Amino acid sequence: MSMTYVIAGFAVGLLVGMTGVGGGSLMTPLLTLMFGVSPSVAVGTDLAFAAITKSAGTITHRFTRTVHWPIVGRLCLGALPAAVVAAIALNYFGALSEQLGQVIRYTIAGSVMLTVLALLLRSRLMAWIHAHPERQLQGRTLAVVTIISGAVLGVLVTVSSIGAGAIGATLLVFLYPKLTPAEVAGTDIAYAVPLTAIAALGHWWLGSIDWMLLLTLLVGSVPGITLGAMAARAVPERFLRALLATTLTAVAAKLVL
């Protein structure tokens, strides 16, 4: 079983390194459905797994220059305070109702599928942007919208346990359509590190992290995400775009099923 955990960690790490997506959306179902881990421990362990794994991925993407740090800063400026406030609110008011949580999941699944369409039609989207530059957000407006989007993202990730990767990729593709898939992956991974770290600290305080399981997963995921981040710059953009679209489609399907 330990080797199975290592293989699972490597596979998820490789996918996250190449696309920025798939950590929480894949690892939590793997732990609960395939390995029988309780949902609360699966979520807590996965958040710690994401924080550490994506730290390794961020280092690699930094060396390959596929991280846009100003965008990371704007997202974190909104996401981190929102995550703290959301965690305090959950502690005070209790968890969301099941019905509201389901609405959130369906809404995010819809936005993820819009991202898939944008990725598949990227050439047409770029042509439209060049033909209508006045429609693309720029300057101060773009910065403010990015910060607000980060705040919404921080709340959603904290209260619904939905992976930051798919939502972050969605925001980046639509707000910054000129980013390449490798840059989407690198920027998405970098901003998710502090966000998942804050959430993981909360679960550590609650005692819902299996440290031995986490260590076993990291044995596979750290080399996996490092190789994936290196490959993101080297593989053809069309292949990487197709891989990202396929991964997001699987994430959306998982959210609604």
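Data block above holds the structure.
Report on the accompanying structure. (Residues numbered from 1 in each chain as written. Predicted model: local features only at pLDDT ≥ 70, side-chain atom pairs only at ≥ 80, totals over all residues. Heavy atoms only, no water.)

## A short note on the overall build of the protein
Then step 1. Check the secondary structure of the protein and you find 11 helices and 0 strands.
Then step 2. Its helices and strands taken in sequence order, the protein reads α-α-α-α-α-α-α-α-α-α-α from the N to the C terminus.
Then step 3. Counting the 257 residues in the protein, one finds 52% classified as buried.
Then step 4. Of the contacts made within the protein by residues no fewer than 6 positions apart, 83% connect residues no fewer than 24 positions apart. (Helix = DSSP H or I, 4+ residues; strand = E, 2+ residues; numbered from the N terminus. Buried < 20%, exposed > 50% of the residue type's maximum accessible area, 1.4 Å probe, protein only. Contact = heavy atoms within 4.5 Å.)

## Section: a nonpolar patch on the surface
Then step 1. Taken together, Phe 10, Leu 227 and Met 230 make up a surface patch of nonpolar side chains, about 270 Å² in accessible area.
Then step 2. One can find Phe 10 in helix α1 (residues 2–19). (Patch = residues over 30% accessible without salt bridge, like charges linked within 9 Å, V, L, I, M, F, W, Y side chains within 5 Å. Areas by Shrake-Rupley, 256 points an atom, 1.4 Å probe, with all protein chains shown as cover. Salt bridge = Lys/Arg side-chain N within 4 Å of Asp/Glu carboxyl O.)

## Looking at the packing of α1 against helix α10 (residues 211–234)
Then step 1. Where α1 meets α10, the closest approach of the two axes is 6 Å, and the angle between their N-to-C directions is 30°. On the basis of the axis angle, α1 is roughly parallel to α10. Relative to α10, the crossing made by α1 is right-handed. (Axes fitted to C-alpha atoms, helices over the stretch in contact; angles between N-to-C directions. Parallel < 35°, antiparallel > 145°, perpendicular 65-115°, else oblique. Left-handed = near helix turned anticlockwise from the far one by under 90°.)

## Points about the packing of helix α3 (residues 39–63) against α10
Then step 1. In contact at an axis separation of 8 Å, α3 and α10 are set at 30° when each is read in the N-to-C sense. With respect to α10, the axis of α3 lies roughly parallel. Crossing geometry of α3 relative to α10 is assigned as right-handed. Residues Thr 45, Ala 48, Phe 49, Ile 52, Thr 53, Lys 54, Ala 56, Gly 57, Thr 60 and His 61 of α3 touch α10, and the partners they reach there are Leu 213, Leu 214, Leu 217, Leu 218, Ser 221, Val 222, Ile 225, Thr 226, Ala 229, Met 230 and Ala 232.

## Points about the environment of Ala 143
Then step 1. In this fold, Ala 143 is placed in helix α7 (residues 139–160).
Then step 2. Linking Ala 143 and Leu 75, residues 68 residues apart in sequence, is a C-alpha distance of 9.1 Å.

## Examining the side chain of Ser 221
Then step 1. Topologically, Ser 221 is positioned in helix α10.
Then step 2. Other than its neighbours up to four places away in sequence, Ser 221 contacts Gly 9, Phe 10, Gly 13, Phe 49 and Thr 53.

## A look at the packing of aromatic side chains
Then step 1. Tallied over the entire structure, the rule returns 1 aromatic pair.
Then step 2. On the numbers, 4.6 Å between centres and 80° between planes, the contact of Tyr 5 with Phe 35 is edge-to-face. In this pair, Tyr 5 sits in helix α1 while Phe 35 sits in the loop between α2 (23–34) and α3, placing the two residues 30 residues apart along the sequence.
Then step 3. Taking relative accessible area as the criterion, Phe 35 reaches 15% and is therefore assigned buried.
Then step 4. In this arrangement the basic side chain of Arg 62 is found over the ring face of Phe 63, its NZ or CZ atom lying 6.0 Å from the centre. (Phe/Tyr/Trp six-rings, centres within 6.5 Å; stacked < 30°, edge-to-face > 60°. Lys NZ or Arg CZ within 6 Å of the ring centre and 35° of its normal.)

## Some remarks on α10
Then step 1. The end-to-end C-alpha distance of α10, which contains 24 residues, comes to 34 Å, matching closely the 34 Å that a straight helix rising 1.5 Å per residue would cover.
Then step 2. The sharpest bend along α10 reaches about 35° and sits at Leu 218.
Then step 3. For α10, the full list of buried residues reads Leu 213, Leu 214, Thr 216, Leu 217, Leu 218, Gly 220, Ser 221, Gly 224, Ile 225, Gly 228, Ala 229 and Ala 232.
Then step 4. You can read the cap of α10 off the contacts: a side-chain oxygen lies 3.3 Å from the backbone nitrogen of Met 212, and it is on Asp 210. (Expected span 1.5 Å × (residues − 1). Bend = angle between axes of the 7 residues up to and from the residue. Polar contact = N/O pair within 3.5 Å; in protein donor to acceptor, adjacent residues only side chain to side chain.)

## Description of the nonpolar core
Then step 1. Among the nonpolar cores identified, the biggest contains 30 residues, and Leu 153, Leu 172, Tyr 176, Val 184, Tyr 191 and Leu 195 are the most heavily contacted of them.
Then step 2. Broken down by secondary-structure element, the contributors of at least two residues to this core are α4 (69–93), α7, α8 (164–175), α9 (181–206) and α11 (237–256).
Then step 3. The next biggest cluster of nonpolar side chains, apart from the first, holds 23 residues, and it includes Tyr 5, Met 27, Phe 35 and Ala 199. (Core = buried A, V, L, I, M, F, W, Y, C linked by side-chain atoms within 4.5 Å.)

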